[in-house]
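Descriptive structure summary
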2 protein chains.
Amino acid sequence: MRPTINDVSRLAGVSIKTVSRVLNNEDRVSDATRARVTAAFATLKYRPNMAARTLAGHRSFQIALACDNPSPYYVYEMQSGIRDRCLLDGVRMVAQPYDHDSDRLIDDIESLIDGSGVDGLILTPPATDYPEVLALMARRKVRFVRVSPGTDLDLTASVFIDNVGAAAAMVRHLLALGHRRIGFITGHASYATSAQRLAGYRAALDEAGIAFDPLLVRPGDYDFASGAAATEALLALRLPPTAIFASNDDMAAGALSVAHRRGLSVPAALSIAGFGDDAIARYVWPALTTIRQPTRLLGYTAADLLLAPEFVVKRIDVPFELIRRESTGPARSAG
Amino acid sequence: MRPTINDVSRLAGVSIKTVSRVLNNEDRVSDATRARVTAAFATLKYRPNMAARTLAGHRSFQIALACDNPSPYYVYEMQSGIRDRCLLDGVRMVAQPYDHDSDRLIDDIESLIDGSGVDGLILTPPATDYPEVLALMARRKVRFVRVSPGTDLDLTASVFIDNVGAAAAMVRHLLALGHRRIGFITGHASYATSAQRLAGYRAALDEAGIAFDPLLVRPGDYDFASGAAATEALLALRLPPTAIFASNDDMAAGALSVAHRRGLSVPAALSIAGFGDDAIARYVWPALTTIRQPTRLLGYTAADLLLAPEFVVKRIDVPFELIRRESTGPARSAG
DNA sequence: TTGTACGCGTTATCAT
DNA sequence: ATGATAACGCGTACAA
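Okay, so let's go over this structure. Numbers given to residues run from 1 along each chain, matching the order in which its sequence is written. All chains are assigned letters beginning at A, and all ligands numbers beginning at 1, according to the order in which they are written. Local features are withheld for residues below a pLDDT of 70 in this predicted model, meaning they are given only at 70 or higher, and side-chain atom pairs are given and counted only at 80 or more; totals for whole chains, interfaces and linings count all residues. For side-chain calculations, the full set of non-hydrogen atoms in the structure is used, while hydrogens and water are omitted.

1. Quick word on helix H10 (residues 224-235) of chain A
One turn of an α-helix holds 3.6 residues; hence residues three or four places apart share an orientation. A run of DSSP states H or I qualifies as a helix once it reaches four residues; a run of E qualifies as a strand once it reaches two. Both are numbered from the N-terminal end. To estimate the expected span of a helix, count its residues, drop one, and scale the result by 1.5 Å. Spanning twelve residues, H10(A) covers 17 Å between terminal C-alpha atoms, matching the ideal 16 Å at 1.5 Å per step. Of all the residues in H10(A), the buried ones are A:Phe224, A:Ser226, A:Gly227, A:Ala228, A:Ala230, A:Thr231, A:Leu234 and A:Leu235. Note on exposure labels: buried denotes an accessible area under 20% of the residue type's maximum, exposed denotes more than 50%, and partly exposed covers the range between, all computed with a 1.4 Å probe on protein chains only.

As structure tokens, this is what we get:
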């Protein structure tokens, strides 16, 4: 049988309450007793029963990551960062993928709260901006942190990068390479980051005194296929762009595949820039210019906020990083 | 307050035991009572307290996926398949990444069993073949299913594809394209699949009467960088291969990046074949020939075995698929 | 077919 | 600083 607190208390010659105190790092325990109990833990290889702790203590030592799924890499990096942080506090992270246009979204999240009895929740877009979700969290009084929220930044604790600034930096980089016609592939309309990145694109063009051309902006939805389709459309223009900025790495990969199929030597003929966690870009094309969105750090920091003993509403702005790889200016029209 | 069984029993006018019976789909309940209880569930929006069920019933309605991490895509696909299957039974999947050369591996798994009190476990390579892990499972009497085990296939329930056959099919494909010098990048030595895939490669060469050349085999460890390094080495040979078969998609991506950096027009000058879940290949290079290892299906099937009420030792062989895309024979020496 | 009473392992209350 | 005892919500012999 697995040892219980009772077994430990008998071995250490104290009451179960004292054992519980040691287990929970409470104060009022003499050093001598604490030592005896700790020793008993070790000799019995005691491991607390989580179900019992949860039932009696109204806490589960679990937090959840509710994550939508445009890019497996994004999810992976986010999960890793959060899990690493949780490990430090002996908390388990449970991953809860969700589908942003599922009509069971609210139900899924509520059943997560009840089912796992999680102590807190980390939300990624676009659920971060759904009023029903925010209402649910308020109603259930669950601690939560939002990653890259698009609205009401001050409403709750949240973590984000400067999407506008990052996109502008990327466009400035392309401009510095000599590009004047820069295509832009947007993200999914449900994501606030899509609009933010587009705003950065426009801001940088304005700075440079380049007129905004709506034809150069094509809709995408953060996946490979939409990136490829948007690229086809851009390259079919009468005056095609010499560079394309895709709003995330997955779509940049799609753009590259099209460029390649068409025999365009990238990046000589076409600069393609991605905006993501750099993981996919690493696989796809060493010469790709990328804004590194530090997904893992975002995850880590979100967990940090959530696990803080004094859980207060805070905003954390995580710095982004512009990664320039070898790439050249426009060589010829990319049509 | 959240409603409890007590509240439900009061509303339905029955005892808590009867409510419990309905909750657990037990037999001896009259249809009328069952209906009343079900109605009470609905009006109260009752959700069972998992901690209490676990504590009293000695089951957690959770299974774990212990997964090592050569390729994020593999992990992602595996998780998705298992989660889909679990949903059907109202079971939660908890993901437990592990590091195959961590010395805390056994401890991690045991704390998973104790901590989450999981009802079952799905193991992926290489822990599937670690004697200490198998001993632990036996000692703790935990249900488990192995994915792609390399040894003792009959020891436990397990799910796999025919790695030898798949690798041979791939090589036959490359041979049919006219290739005679085919490079091979192995997987990590800890994984049994590495040896199996190499065996398939050799078998196909034997069939074709082509002598095995050890120089054409380079070690890799299932990640992008090692695939790139191995490719550099292969292309530096006095007689370089005209085709390269990488033991998974991540390494194939690495191979492609090197070919590209060298200005080789793939696949005109060099055929590169991958062996994986096809996800990375889709991103990297549409013309890549790939063995589709149906990872999601593997996961789904593994969960199927684990969740079956009558849990018996079974082996399930999942079919693989050879995906041929447009690709040409060797055009010139790829050096 | 249905109900009663106890136990699961821990935390919390209120003593001492 | 420490201990006795009552919750926590549900499953399960056992009884009816």
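2. Notes on the sheet that holds strand E3 (residues 120-123) of chain A
All names here are of chain A. Strand order across the open sheet formed by six strands is E2-E1-E3-E4-E5-E11, with parallel pairing between neighbours. Edge positions in the open sheet fall to strand E2 (92-97) and strand E11 (315-317), since each of these has one partner strand only. Each strand axis lies, on average, 20° off the axis of its neighbour in the sheet, ignoring direction. The strands touched by helix H5 (residues 72-88) within the sheet are strand E1 (62-67), E2, E3 and strand E4 (143-147), with E1 carrying the most contacts at an inclination of about 165°. In this fold helix H6 (residues 105-116) packs onto E1, E2 and E3, with an angle of close to 150° to the strand it touches most, E3. The criterion for strand pairing is that DSSP finds at least two bridges linking the strands in question. Axes here mean lines fitted to C-alpha atoms, for a helix over just the part in contact, with angles spanning 0 to 180 degrees between N-to-C directions. When checking whether two residues touch, look at their non-hydrogen atoms; a contact exists if any pair is within 4.5 Å.

3. What to know about the relation of the copies chain A and chain B
At an RMSD of 0.1 Å, chain A and chain B line up after a rotation of 179° and a shift of 0.0 Å along the axis. Look at the turn and shift together and you get a two-fold axis relating the two. When each C-alpha of chain A is compared by its distance to the rotation axis, A:Ala51 comes out closest, at 2.3 Å. Here the copies are superposed with least squares, the fitted atoms being C-alpha atoms of residues at a pLDDT of at least 70 in both.

4. Things to note about unusual backbone geometry
Keep in mind that most residues, glycine aside, have a negative phi and that most peptide bonds are trans. All names here are of chain A. Cis rather than trans, the peptide bond between Pro-125 and Pro-126 has omega equal to 0°. By the secondary structure assignment, Pro-126 is in the loop between E3 and helix H7 (131-140). The phi dihedral of His-58 falls on the positive side, at around 60°, and the residue is not glycine. Within the secondary structure layout, His-58 lies in the loop between helix H4 (50-57) and E1.

5. Some remarks on the interface of chain A and chain B
For an interface, size is often stated in terms of accessible area lost upon the parts coming together. Counting residues at the interface gives 39 residues for chain A, matched by 38 residues for chain B. As used here, buried area is the combined drop in accessible area, with a 1.4 Å probe, of two parts when they are placed together. A buried area of about 3400 Å², summed over both sides, lies between chain A and chain B, and 57% of it is on carbon and sulfur atoms. A carboxyl oxygen of Asp or Glu within 4 Å of a side-chain nitrogen of Lys or Arg is what we treat as a salt bridge. Put simply, chain A and chain B have zero salt bridges between them. Identification of polar contacts relies on pairs of N or O atoms within 3.5 Å, with a donor-acceptor requirement for protein atoms, meaning one able to donate a hydrogen and the other able to accept it, and with residues adjacent in sequence counted only if both atoms are side-chain atoms. Here chain A is connected to chain B by three residue pairs in polar contact (both at pLDDT 80 or more). The set of elements that each furnish at least two residues to the side of chain A that touches chain B consists of H4, H5, E2, H6, helix H11 (249-261) and helix H12 (279-284) of chain A.

6. As for helix H8 (residues 163-176) of chain A
All names here are of chain A. Between its first and last C-alpha atoms H8 spans 20 Å; for 14 residues at 1.5 Å apiece the expected length is 20 Å, and the two agree. In terms of residue burial, H8 counts as a mostly covered element, since ten of its 14 residues are buried. By the burial criterion, the buried members of H8 are Asn-163, Ala-166, Ala-167, Ala-168, Ala-169, Met-170, Val-171, His-173, Leu-174 and Leu-175. Each element contacted by the buried residues of H8 is listed here: strand E6 (182-185), helix H9 (192-207), strand E8 (243-246), strand E9 (271-276), strand E10 (289-292) and strand E12 (321-323). Two or three places before Val-164, at the opening of H8, Asp-162 has a side-chain oxygen 3.3 Å from that residue's backbone nitrogen. One or two steps after H8, the chain reaches Gly-178, where phi turns positive at roughly 105°.

7. Focus: the protein's contact with DNA strand C
When at least one non-hydrogen atom of a residue lies within 4 Å of a molecule or strand, that residue is treated as near it. As a matter of local geometry, DNA strand C sits amid 24 residues, with A:Ile5, A:Ser20, A:Tyr46, A:Ala56 and B:Thr33 nearest to it. Each atom of DNA strand C within 4 Å of the protein was assigned to sugar, phosphate or base; sugar and phosphate come to 61%. Between DNA strand C and A:Tyr46 there is a distance of 2.4 Å, counted from a phosphate oxygen to a side-chain nitrogen or oxygen. Backbone polar atom of A:Asn49 to a phosphate oxygen of DNA strand C: 3.1 Å apart, as the coordinates give it. Elements supplying a minimum of two residues to the surface near DNA strand C: helix H2 (16-23) and H4 of chain A together with helix H2 (16-23) and helix H4 (50-57) of chain B. Per element, the largest residue contribution to the surface near DNA strand C is four residues, and it comes from H4(A). As a working rule, the residues Ala, Val, Leu, Ile, Met, Phe, Trp, Tyr, Cys and Pro are called nonpolar, Asp, Glu, Lys and Arg charged, and the rest polar, with Gly in that last group. Along the lines of polarity and charge, the residues of the surface near DNA strand C split into ten nonpolar, nine polar and five charged.

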